[in-house]
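Residue-level structural notes
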Amino acid sequence: MKFTKMHGCGNDYVYFDCTKNEIKDESAAAKALSDRHFGIGGDGIIIIKKGKKAEFEMVMYNADGSRGAMCGNGIRCVAKYVYDHKLTDKTSISIESMGAVKYIDVAVENGEVKSARVDMGAPILESKKIPVLTDGERAVNVPITVDGREYKMTCVSMGNPHAVVFIENSPKEFPLEKIGPMFENNSVFPDRTNTEFIRVIDRKNLEMRVWERGSGETLACGTGACASAVAAILNGYADNDVTVHLLGGDLEISWSGNEDDSVFMTGPATTVFEGEIKL
């Protein structure tokens, strides 16, 4: 199978064009190929298929072989892939993942996509739909005790669950490797969770590190950046347009503050290399 290694702000996946071919055991392939020592290396694999509800379908697997519902960085790369590989000549592209359709506008330079703006849809704030087990209808600035310490979290789903935690110091100093798995597997998250640790720099800038369920720490998380911006706006920490500074780069996030309105994410999409591997 031919593959393409791509990343969005360092959130890297191995991409396969399965509009004509198929991978028999996608989950096993994800685990084997994501291994950075014995495989190609990545945060998972993304398989591009013909869509039923949209022009294309994105099928995403995490590095542990579990299926992922949505990946903001990944969907930008899918849009770049289908345009650069001439599967479409449109600059406005519809892509579905787990039945949810997203709309992407790509910015083209010299015949190649450099960045993309994604309509990520409206955030899900109702606790039971995220899901998170809390007493209230929403989980905004609610306490959670992890490893003997009380944190305040705001939970948002962008098609996948996120727990956003605001901290005073830089996330680079935070013991993410220890605390991240404790959040991911906490009993209040029936489907596990992605966790973002955020420092508010000012009303237009957030600094973020993320622990992704099924993958561990990644250099960026598009849905996590969206969830973090939503959480910051809900808590009164940020304006409606913010830049989220991740370890792998920056994402521009925009949300009106109205729960029925879409969150928009703009960021780069980059091809690293292409190759062929025997599955």
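This section reports on the structure supplied with the text. This structure is a prediction, so every number in the text was calculated from the model and none was measured. (Residues numbered from 1 in each chain as written. Predicted model: local features only at pLDDT ≥ 70, side-chain atom pairs only at ≥ 80, totals over all residues. Heavy atoms only, no water.)

**Side note on the overall build of the protein chain**
Across its full length, the protein chain carries 4 helices and 18 strands. Computed over the C-alpha atoms, the radius of gyration of the protein chain is 18 Å, within 12% of the 19 Å expected from 2.2 N^0.38 for a compact globule of 279 residues. Classification of the 279 residues of the protein chain by burial places 54% in the buried group. (Helix = DSSP H or I, 4+ residues; strand = E, 2+ residues; numbered from the N terminus. Rg over C-alpha atoms; globule rule 2.2 N^0.38 Å. Buried < 20%, exposed > 50% of the residue type's maximum accessible area, 1.4 Å probe, protein only.)

**Re the packing of aromatic side chains**
Under the definition given, this model contains 7 aromatic pairs. With 6.3 Å between their ring centres and 70° between their planes, Tyr-151 and Phe-174 make a pair best called edge-to-face. Here Phe-174 lies in the loop between strand 11 (161-166) and helix 3 (176-184) and Tyr-151 lies in strand 10 (residues 149-157), a separation of 23 residues in the sequence. An aromatic cluster of three or more residues is present, and its members are Tyr-151, Phe-174, Phe-183 and Phe-197. Above the face of the Phe-264 ring, Arg-117 is positioned so that its terminal group lies 4.1 Å from the ring centre. (Phe/Tyr/Trp six-rings, centres within 6.5 Å; stacked < 30°, edge-to-face > 60°. Lys NZ or Arg CZ within 6 Å of the ring centre and 35° of its normal.)

**Some words on the pattern of salt bridges**
With the rule as written, the count across this model stands at 18 salt bridges. The shortest N-O distance in the salt bridge between Lys-5 and Asp-12 comes to 3.3 Å. The pair Lys-5 / Asp-12 is uniform in exposure class, with both members buried. Between Lys-128 and Glu-126 there is a salt bridge, and its shortest N-O distance comes to 3.8 Å. A cluster of three or more residues bridged by salt bridges with shared partners is formed by Lys-5, Asp-12, Arg-36 and Asp-43. (Salt bridge = Lys/Arg side-chain N within 4 Å of Asp/Glu carboxyl O.)

**Description of the nonpolar core**
Core analysis: the biggest nonpolar cluster contains 54 residues, and Tyr-15, Ile-95 and Ile-253 have the highest contact counts within it. With 8 residues, helix 4 (residues 222-234) is the single largest residue contributor to this core. In this view, Tyr-15 contacts Lys-2, Phe-3, Thr-4, Met-6, Ile-46, Ile-48, Asn-73, Gly-74, Cys-77, Val-78 and Tyr-81; residues no more than four positions away in its chain are not counted. By size, the runner-up hydrophobic cluster in this structure holds 19 residues, among which are Val-142, Val-146, Met-153 and Cys-155. (Core = buried A, V, L, I, M, F, W, Y, C linked by side-chain atoms within 4.5 Å. Contact = heavy atoms within 4.5 Å.)

**Here we look at the state of the cysteines**
A full pass over the atoms with the stated rule returns 0 disulfides. Looking at the unpaired Cys-71, the closest cysteine sulfur is the one in Cys-221, lying at 6.7 Å. Residue Cys-71 is classed as buried on the basis of its relative accessible area of 4%. (Disulfide = S-S within 2.5 Å.)

**Description of helix 1 (residues 26-34)**
Of all the positions in helix 1, only Glu-26, Ala-29, Ala-30, Leu-33 and Ser-34 are classed as buried. One side of helix 1 holds all its buried residues, which, seen down the axis, span an arc of 110°. Where helix 1 is buried, its residues touch strand 2 (11-17), strand 3 (44-50) and strand 4 (56-62). (Arc of directions from axis to C-beta.)

**Quick word on the environment of Cys-155**
One can find Cys-155 in strand 10. Note: C-alpha distance between Cys-155 and Asp-261 (106 residues apart in sequence) is 17 Å. Not counting chain neighbours up to four residues away, the residues in contact with Cys-155 comprise Ile-130, Val-132, Ala-139, His-162, Ala-163 and Phe-189.

**A look at helix 2 (residues 72-84)**
Taking 1.5 Å per residue, 13 residues should reach 18 Å; helix 2 reaches 19 Å between its end C-alpha atoms and fits that length. For helix 2, the tally of buried residues reaches 13 of 13 residues, placing the bulk of the element in the interior. Looking one or two places after helix 2, you find Lys-86, whose phi comes out positive at around 60°. (Expected span 1.5 Å × (residues − 1).)

**So, the environment of Asp-260**
Looking at the element boundaries, Asp-260 is found in the loop between strand 16 (249-254) and strand 17 (264-268). Take Asp-260: its relative accessible area is 63%, and that puts it in the exposed class. For the pair formed by Asp-260 and Ala-122, sequence separation is 138 residues and the distance between their alpha carbons is 5.6 Å.

**Considerations on empty space enclosed by the protein**
Per the counting criterion, the structure on display carries 1 cavity of 30 Å³ or more. Here the largest cavity defines a volume of roughly 70 Å³. Residue lining of the largest cavity: Met-60, Asn-62, Arg-67, Gly-68, Ala-69, Met-70, Asn-160, Asn-194, Glu-212 and Arg-213, and that is the complete set. If you list the elements that add at least two residues to the lining of the largest cavity, you get strand 4 and strand 5 (67-68). The class makeup of the residues in the lining of the largest cavity is 3 nonpolar, 4 polar and 3 charged. (1 Å grid on protein atoms, 1.4 Å probe; cavity = no way out; pocket = protein on both sides within 12 Å on 5 of 7 lines; lining within 4 Å. Points joined across faces, edges and corners; volume = space filled by probe spheres on them. Nonpolar A, V, L, I, M, F, W, Y, C, P; charged D, E, K, R; others polar.)

These figures capture arrangement, not role.
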